[in-house]
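A structural walkthrough
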Amino acid sequence: ISFVSSPQSMGEIEKMEVEMQGEDSKWEGYADWRNKAAVKGRHGGMLAASFVLAVEVLENLAFLANASNLVTYLTEFMHFSLSRAASEVSAFMGTAFLLALLGGFFSDAFLSTFIVFIISAFIEFMGLILLTIQARRPSLMPPPCKSSPASPCEPVHGSKAALLFVGLYLAALGIGGIKGSLPSHGAEQFDESDPKGRKQRSTFFNYFVFCLSCGALVAVTFVVWLEDNVGWEWGFGVSTISIFLSILVFLSGSRFYKNRIPRGSPLTTILKVLVAASVMGCSSKSSSNAVENFSMTPSNHLVGEDQSEGAKRDSQSLTNSLRCLNRAVEGKTVHRLLECTVQQVEDVKIVLKMLPIFGCTIMLNCCLAQLSTFSVRQAASMNRKIGNLVVPAASLPVFPVVFMLILAPVYDHLIIPFARRVTKSEMGVSHLQRIGVGLVLSILAMAVAALVELKRKRVASEAGLLDSKQALPISFLWIALQYLFLGSADLFTLAGLLEFFFTEAPSSMRSLATSLSWASLAMGFYLNSAMVVIVNKMTGSGGRTPWLGEKLGINRYRLDLFYWLLCILSVVNFLHYLFWAMRYKYISTGARR
């Protein structure tokens with residue numbers, strides 16, 4: 001018998017080896033923009049993520065250029081009352097952030113994050129065009145206010161109001177899609193199976209917030225100045241150009257991206273597991289032998305599960321947490337549509353465990369809503385001069401933005417390396433610790449806001465200007481204190497939430513899970529609107545004057561009491577957060593302490 005291979009056999013072996021090497025060099029579960037297999041070394045990495053960071057600067061500039069000053073536009077040009085304008089701004093921003101869930105859902109289920117971003121950016125572009133046209137043409141605006149006190153300003157209504165809200169909510173739909181796809185698209189560019197890749201991904205999230213702040217800096221300075229001194233059509237125009245440029249920059253990085261291939265609706269998986277568990281009946285006892293045997297069957301795992309998740313996710317069996325869901329694996333005995341794999345059950349458990357953390361950040365975002373509502377009007381009533389320069393009230397966010405621009409690189413290059421050396425862990429500072437710091441800062445911010453408002457009201461009373469629109473003899477820099485604390489809270493919490501949801505969520509649900517960070521902002525703005533209504537109703541009962549009544553001037557508001565209420569609720573919320581955070585066990589590689 002001859003053991004010498006023929007030349008033909010050797011050629012076949014070499015060909016097979018080349019093919020195997022080619023398979024190893026591909027990103028499993030990813031494709032390039034042409035829908036071909038993504039290749040390692042050619043697609044993904046920091047270069048691809050850099051395009052996403054540049055896009056975030058332009059995208060957030062377009063968003064915040066109008067959102068930060070929208071209260072002024074609605075009160076002075078659309079003639080809404082202050083309370084209604086504040087509620088409309090909260091509703092607009094809340095809707096925009098809540099729609100991030102829709103963007104995340106489509107990214108995971110049907111389209112890639114690449115496609116969702118392009119569609120969403122185009123929708124926002126169309127909305128901003130409508131707003132620019134309305135601001136440009138006086139015939140599409142409400143009539144100017146009459147000088148007679150007996151003739152109050154007429155708020156926008158009818159077709160003009162319809163044009164305003166169509167433009168605003170088209171922009172909100174686009175913003176939501178972008179928020180739900182862009183962070184995940186950037187984070188997907190890194191190799192999570194490698195410690196270096198995971199560290200680069202953490203750096204990406206820090207610099208994502210940094211770039212978000214860069215866009216905000218231009219928005220609340222240059223664009224707000226344009227709106228207040230040149231015209232709102234210029235402000236909307238700059239936003240329109242900015243979002244158009246973001247599309248061009250995003251497309252210019254197409255050949256470098258690796259795009260995750262959608263695997264079907266994550267909501268279907270969640271619903272199927274919950275229904276199957278309910279049908280089979282939640283049991284407090286140990287899982288049956290049938291369930292245990294089923295969970296250990298290798299064939300029960302999802303076909304094609306992303307191997308970069310690690311063997312711990314691909315070969316896991318049913319866990320004892322949320323044991324009532326374990327019965328879902330027996331769902332196929334009732335109906336084939338209720339058939340659930342062990343992997344699907346465990347994925348749903350992960351999502352359910354993250355929800356309490358999500359819920360505990362809503363109160364913080366309710367506090368953040370003050371930055372674009374009442375705080376703007378407070379600043380507008382104060383002396384906003386610095387030398388000969390008059391600072392627009394809507395430019396106050398420049399203080400937390402500049403602080404975030406300084407703190408983000410310091411945090412990533414100094415604090416995190418030091419924490420890694422001290423804790424001897426890959427993360428240094430855990431996601432939940434970052435979020436906790438943000439919650440504490442929000443408590444301090446509300447306490448400071450209440451004290452500053454007391455001082456502002458005292459100055460107004462002593463100067464006899466409670467019912468005057470004249471600027472108070474107190475510097476607006478006092479308001480900057482609450483902006484500073486809330487901006488710091490936002491930096492710690494937003495970056496921590498984005499990375500927490502992305503790294504902990506199952507790979508098939510990452511965009512949707514990451515969107516929870518923005519949904520928390522949405523719920524915070526909605527909560528703020530609801531609290532204004534509830535507080536006015538409760539404090540105005542029995543013929544009393546409500547704290548935030550529509551007919552009152554800003555100097556007659558009881559904002560100090562409203563801020564103290566937010567402070568107390570934030571303390572209770574932080575204690576609630578500690579309860580869940582101390583019990584949470586990390587799933588992702590590198591996150592364990």
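Anything mentioned here points back to the structure above.
Calculation rules
Numbers given to residues run from 1 along each chain, matching the order in which its sequence is written. Only residues with pLDDT of 70 or above have their local features reported here, since the model is predicted, and side-chain atom pairs are shown and tallied only from 80 upward, although totals for entire chains, interfaces and linings are computed over all residues. Processing note: side-chain calculations cover all non-hydrogen atoms of the structure and skip hydrogens and water entirely. Centres within 6.5 Å are what make two rings of Phe, Tyr or Trp a pair, Trp counting through its six-membered ring; a difference in plane orientation under 30 degrees is then read as stacked, over 60 as edge-to-face, and the rest as tilted. Helical segments are the DSSP runs of H or I of at least four residues, strand segments are the runs of E of at least two, and each set is numbered from the N terminus. Relative accessibility decides the category of a residue: with a 1.4 Å probe and only protein chains considered, values under 20% of the type maximum give buried, values over 50% give exposed, and everything between is partly exposed. Either the NZ atom of lysine or the CZ atom of arginine qualifies as a charge over a ring when it sits within 6 Å of the ring centre and within 35 degrees of the ring normal. A pairing counts as a salt bridge when a side-chain nitrogen of Lys or Arg comes within 4 Å of a carboxyl oxygen of Asp or Glu. Residues belong to one nonpolar core when they are buried, are Ala, Val, Leu, Ile, Met, Phe, Trp, Tyr or Cys, and are joined through side-chain atoms within 4.5 Å. We call two residues in contact whenever any of their non-hydrogen atoms come within 4.5 Å of each other.

Evaluation of the coordinates by the stated rule reveals 30 aromatic pairs. Centroid distance Phe97 to Phe525: 6.2 Å. Interplanar angle 20 degrees. Geometry classified as stacked. Note that Phe97 is positioned in helix H4 (residues 82-98) and Phe525 in helix H19 (residues 510-539), a separation of 428 residues in sequence. For Phe525, a relative accessible area of 4% corresponds to the buried category. Following the ring pairs from residue to residue traces out a cluster consisting of Phe51, Phe114, Phe117, Phe250, Phe256 and Tyr257. One Lys or Arg, Lys258, reaches over the ring of Trp27 and ends 4.2 Å from the middle of that ring. If you follow Arg510 out to its NZ or CZ, it ends over the ring of Phe502, 4.5 Å from the centre.

Time to look at the pattern of salt bridges. Overall, the coordinates contain 10 salt bridges when judged by the stated rule. Of the charged contacts in the structure, one is a salt bridge between Glu192 and Arg201, with a shortest N-O distance of 3.2 Å. On the accessibility criterion, Arg201 (6% relative accessible area) is buried. Between Arg456 and Glu453 there is a salt bridge whose closest N-O contact spans 2.9 Å. In this pair, Arg456 and Glu453 both sit in helix H17 (residues 431-462), three residues apart, roughly one turn of the helix. Judged on exposure class, the residue Arg456 and its partner Glu453 are both buried.

Now for the nonpolar core. Within the largest apolar cluster, 143 residues are counted, with the highest numbers of intra-cluster contacts made by Tyr73 and Phe562. Sort the elements by how many residues they give to this core and H17 lands first, with 14 residues. With residues up to four places along the chain from it excluded, the contact list for Tyr73 reads Met78, Ala135, Met141, Leu164, Trp232 and Phe236. Counting 15 residues, the second largest nonpolar core, distinct from the first, contains Ala277, Ala328, Val342 and Val345.

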